[in-house]
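Here is how the chains run, residue by residue.
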Amino acid sequence: NAGVTQTPKFQVLKTGQSMTLQCAQDMNHNSMYWYRQDPGMGLRLIYYSASEGTTDKGEVPNGYNVSRLNKREFSLRLESAAPSQTSVYFCASKVGEAFFGQGTRLTVV
Amino acid sequence: EDQVTQSPEALRLQEGESSSLNCSYTVSGLRGLFWYRQDPGKGPEFLFTLYSAGEEKEKERLKATLTKKESFLHITAPKPEDSATYLCAVQLTGFQKLVFGTGTRLLVSP
């Protein structure tokens, strides 16, 4: 049972480049989430999908887009990366008693 | 504005020295409060759910309690392997999302 799988684990981007972070869960959960974690800021919600076919903005959505591809997969896209988006990104499934992926450490130079 | 505040930011204990971590919240309506443990370089791992004031949950050396304004995570006779960051989060009534506190970094020395 893999749980929540995120790819890639590490990424370095140049300012202005685009990329997509992938997330998949195999627990048949309805809801999925993307967070970023910065020192001293805790986990902040970027976007979430309460169920297949819906997405909603979280606390810090600017500069990001998401796609709920199907019940298993929820991707996060950075269209034009900025240094302020340097962070550790976590995908999670299920609200409350959530399951988290291992994280993607993204550096934008 | 809905807020979750954790204290202290960091806590250093000797092995066997019991203590408590605090999570205070100001929210419009509480659906549930959740505690997570996060080890360096890893995603948070779920520990406890609390739904109503007076509720308590225990797991090994950890006990979580809830009042109408705050939650405590009590650590009894901690061991070095309890060293981690402990995160508190709340789910608001009617919302399918969590609001996290900034966490408490716990270091337990042998």
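Residues numbered from 1 in each chain as written. Chains lettered and ligands numbered in written order. Predicted model: local features only at pLDDT ≥ 70, side-chain atom pairs only at ≥ 80, totals over all residues. Heavy atoms only, no water.

Draft legend 1. Quick peek at the nonpolar core. Residues and elements named next belong to chain B. The biggest cluster of nonpolar side chains holds 23 residues, and the ones touching the most others in it are Leu33, Trp35, Leu73 and Tyr86. Contributing elements (two or more residues each) for this core: strand 2 (10-14), strand 3 (19-26), strand 4 (30-38), strand 5 (45-50), strand 7 (62-66), strand 8 (70-75), strand 9 (84-92) and strand 11 (104-109). Looking at this core element by element, the count peaks at five residues for strand 9. Once you skip the residues sitting within four places of it in the chain, Leu73 turns out to touch Ser19, Ser20, Leu21, Trp35, Phe48, Leu62, Lys63, Ala64 and Tyr86. (Core = buried A, V, L, I, M, F, W, Y, C linked by side-chain atoms within 4.5 Å. Buried < 20%, exposed > 50% of the residue type's maximum accessible area, 1.4 Å probe, protein only. Helix = DSSP H or I, 4+ residues; strand = E, 2+ residues; numbered from the N terminus. Contact = heavy atoms within 4.5 Å.)

Draft legend 2. Molecular detail of the pairing of strand 9 (residues 87-93) of chain A. Residue and element names in this part refer to chain A. Of all the seven residues making up strand 9, seven are buried; the element is thus mostly covered by neighbouring parts of the structure. Residues Ser87, Tyr89, Cys91 and Ser93 line one face of strand 9 and the alternating positions Val88, Phe90 and Ala92 line the opposite face, and both faces are buried. Direction of pairing for strand 4 (residues 32-38) relative to strand 9: antiparallel, over a ladder of six bridges. By the bridge assignment, Met32 is partnered in strand 9 with Ser93. Here strand 9 runs beside strand 10 (residues 99-100); their pairing, made up of two bridges, is antiparallel. (Pairing = 2+ DSSP bridges.)

Draft legend 3. Main features of the state of the cysteines. Applying the stated criterion to the full structure yields two disulfides over all chains. With a sulfur-sulfur separation of 1.8 Å, Cys23 of chain A is cross-linked through a disulfide to Cys91 of chain A. Here the disulfide of Cys23 of chain A and Cys91 of chain A is left-handed, its torsion about the S-S bond being about -70 degrees. Placement of Cys23 of chain A in strand 3 (residues 19-25) and of Cys91 of chain A in strand 9 is noted, with a sequence separation of 68 residues between them. Accessibility classification places Cys23 of chain A together with Cys91 of chain A in one group, the buried group. With its sulfur 1.9 Å from that of its partner, Cys23 of chain B forms a disulfide with Cys88 of chain B. Torsion about the S-S bond of the Cys23 of chain B and Cys88 of chain B cystine: about -50 degrees, corresponding to left-handed handedness. Residue Cys23 of chain B is found in strand 3, and its partner Cys88 of chain B is found in strand 9; the two are separated by 65 residues along the sequence. Looking at Cys88 of chain B, the relative accessible area reads 0%, which means it is buried. (Disulfide = S-S within 2.5 Å.)

Draft legend 4. Spatial organisation of the sheet that holds strand 7 of chain B. All names here are of chain B. Judged by pairing direction, the sheet is antiparallel, and its five strands sit side by side in the order 1-3-8-7-6 without closing on themselves. The open sheet has two free edges, formed respectively by strand 1 (3-7) and strand 6 (56-59), since each of these has just one partner strand. In this sheet, neighbouring strand axes are inclined to one another by 15 degrees on average, regardless of whether the strands run parallel or antiparallel. Note that strand 1 and strand 3 share five bridges and pair antiparallel. When the bridges of strand 3 are listed, Ser7 appears paired with Asn22. (Axes fitted to C-alpha atoms, helices over the stretch in contact; angles between N-to-C directions.)

Draft legend 5. Quick look at the packing of aromatic side chains. Applying the stated rule across the entire model yields 10 aromatic pairs over all chains. With 5.9 Å between their ring centres and 10 degrees between their planes, Tyr33 of chain A and Tyr48 of chain A make a pair best called stacked. In this pair, Tyr33 of chain A sits in strand 4 while Tyr48 of chain A sits in strand 5 (residues 42-49), placing the two residues 15 residues apart along the sequence. The exposure class of Tyr33 of chain A is buried, given its relative accessible area of 1%. Judged by its relative accessible area of 8%, Tyr48 of chain A is buried. In this structure an aromatic cluster arises from ring pairing among Tyr33, Tyr35, Tyr48, Phe90 and Phe100 of chain A together with Tyr36, Phe46 and Phe100 of chain B. (Phe/Tyr/Trp six-rings, centres within 6.5 Å; stacked < 30°, edge-to-face > 60°.)

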